[in-house]
Amino acid sequence: MAQALTMEREAAQRYEEIADAMEVHNNREVAQLFRTMAGYEAKHAESIMAEMSWVEAPGVPPGAWPAMESPEMIPSDAVHYLMHPWHALELALAAEQRAEAFFAELARTASDDSVRRAAIELRDEESEHVAMVKQWMAKFPKPAGDWAHDPDPPRYNE
């Protein structure tokens with residue numbers, strides 16, 4: 001559950017970072033989608049703290065994740081300042097699916113009943129998020145292949 005807590009906190013933080021980046025580029029619609037997702041992840045973290053009766057978050061040992069980042073993280077390099085809501089939702093969907101799989105595996109392998117119950121609850125919530133993101137995606141058409149073309153791209157002086 002320490003890994004789960006870290007995963008949820010990191011996901012909330014990354015969603016907020018992406019929302020901030022989208023606002024800087026005046027992409028407010030995508031920013032709001034990521035802020036909503038950040039709120040869900042923060043609630044998951046609070047739920048874990050309460051379920052485990054933790055006052056302080058326990059540390060996660062180095063190398064706790066098979067990959068470099070927790071399963072629910074969206075890679076920073078997957079975000080583009082011109083992305084459409086559909087792209088943001090595509091990234092969120094993959095993250096939520098990885099989180100759902102993480103909690104399903106934790107529920108399957110947990111030897112402690114309280115951990116198993118919490119993992120099942122979180123798996124079910126992540127499953128709801130997957131369904132919600134899919135519903136949101138249905139509202140936005142997939143952008144054309146040239147969506148990232150910027151006729152006035154940012155310029156940097158070195």
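Please refer to the structure higher up on the page.
These numbers were taken from a predicted model, which means no experiment stands behind them. (Residues numbered from 1 in each chain as written. Predicted model: local features only at pLDDT ≥ 70, side-chain atom pairs only at ≥ 80, totals over all residues. Heavy atoms only, no water.)

Engineer: Would you mind showing me how to read empty space enclosed by the protein here?
Structural biologist: Regions of empty space are outlined by a rolling probe, equal in size to a water molecule, passed over the atoms. Inspection of the entire model under this criterion finds 1 cavity of 30 Å³ or more. What the largest cavity holds in volume is close to 40 Å³. In terms of lining, the largest cavity is formed by Ser 47, Glu 51, Ala 118, Glu 121, Leu 122 and Glu 125. Listing elements by their share of the lining of the largest cavity, those giving two or more residues are helix H2 (28-51) and helix H4 (113-138). Of the residues in the lining of the largest cavity, the class split is 2 nonpolar, 1 polar and 3 charged. (1 Å grid on protein atoms, 1.4 Å probe; cavity = no way out; pocket = protein on both sides within 12 Å on 5 of 7 lines; lining within 4 Å. Points joined across faces, edges and corners; volume = space filled by probe spheres on them. Helix = DSSP H or I, 4+ residues; strand = E, 2+ residues; numbered from the N terminus. Nonpolar A, V, L, I, M, F, W, Y, C, P; charged D, E, K, R; others polar.)

Engineer: It is not clear to me how the pattern of salt bridges should be interpreted in this structure. Could you clarify?
Structural biologist: Note on pairing: side chains with opposite charge can pair once their charged atoms come close. A full pass over the atoms with the stated rule returns 7 salt bridges. Across the pair Glu 23 and Arg 35 runs a salt bridge, and its minimum N-O distance is 3.2 Å. With Glu 23 in helix H1 (residues 2-24) and Arg 35 in helix H2, this pair connects stretches of sequence that are 12 residues apart. Judged by its relative accessible area of 38%, Glu 23 falls in the partly exposed class. Taking relative accessible area as the criterion, Arg 35 reaches 21% and is therefore assigned partly exposed. (Salt bridge = Lys/Arg side-chain N within 4 Å of Asp/Glu carboxyl O. Buried < 20%, exposed > 50% of the residue type's maximum accessible area, 1.4 Å probe, protein only.)

Engineer: Would you explain the packing of helix H3 (residues 85-109) against H4 in this entry?
Structural biologist: The interhelical angle for the contact between H3 and H4, taken along N-to-C directions, is 160°, at an axis separation of 8 Å. By the criterion of interaxial angle, the relationship of H3 to H4 is roughly antiparallel. Between H3 and H4 lies a crossing whose hand is left-handed. In terms of residue class, the contact of H3 with H4 is made up of 17 nonpolar, 3 polar and 7 charged. (Axes fitted to C-alpha atoms, helices over the stretch in contact; angles between N-to-C directions. Parallel < 35°, antiparallel > 145°, perpendicular 65-115°, else oblique. Left-handed = near helix turned anticlockwise from the far one by under 90°.)

Engineer: Explain the nonpolar core here, please?
Structural biologist: Looking at soluble globular proteins, one finds that nonpolar side chains tend to be buried together. Counting residues in hydrophobic clusters, the biggest one holds 24 residues, and the most contacted among them are Tyr 15, Phe 34, Met 37, Ile 74 and Val 133. Elements supplying a minimum of two residues to this core: H1, H2, H3 and H4. At 7 residues, the largest contribution of residues to this core is made by H3. Here Tyr 15 is in contact with Phe 34, Met 37, Ala 38, Glu 41, Ile 74, Ala 92, Ala 95 and Glu 96, once residues within four sequence places are set aside. Met 1, Met 7, Ala 45 and Ala 107 belong to the second largest nonpolar core, which has 18 residues in total. (Core = buried A, V, L, I, M, F, W, Y, C linked by side-chain atoms within 4.5 Å. Contact = heavy atoms within 4.5 Å.)

Engineer: I'm lost on the packing of H2 against H3 in this one. Help?
Structural biologist: A pair of packed helices can be characterised by two numbers: the angle between their axes and the separation between those axes. Closest axis-to-axis distance for the H2/H3 pair is 9 Å, and the angle between their directions is 20°. As judged from the angle between their axes, H2 and H3 are roughly parallel. In the crossing of H2 with H3, the sense of the turn from one axis to the other is right-handed. Side by side, H2 and H3 meet where Glu 29, Val 30, Leu 33, Phe 34, Met 37 and Glu 41 of the first sit next to Pro 85, Ala 88, Leu 89, Ala 92 and Glu 96 of the second. The residue inventory of the contact of H2 with H3, partitioned by class, reads 8 nonpolar, no polar and 3 charged.

Engineer: Help me understand the environment of Leu 93, please; the structure alone is not making it clear to me.
Structural biologist: Checked against the element boundaries, Leu 93 lands in helix H3. When the C-alpha positions of Leu 93 and Met 137 are compared, they lie 9.1 Å apart, and in sequence the two are 44 residues distant. Setting aside chain neighbours within four positions, we find Leu 93 in contact with Val 130, Val 133, Lys 134 and Met 137.

Engineer: Can you walk me through unusual backbone geometry in this structure?
Structural biologist: For residues that are not glycine, phi is negative in most cases, and the peptide bond is trans in most cases. Here Ser 53, not a glycine, exhibits a phi torsion of approximately 55°, which is positive. Locating Ser 53 in the fold gives a position in the loop between H2 and H3. For Ser 53, a relative accessible area of 62% translates into the label exposed.

Bear in mind that shape data such as this cannot, by itself, settle questions of function.
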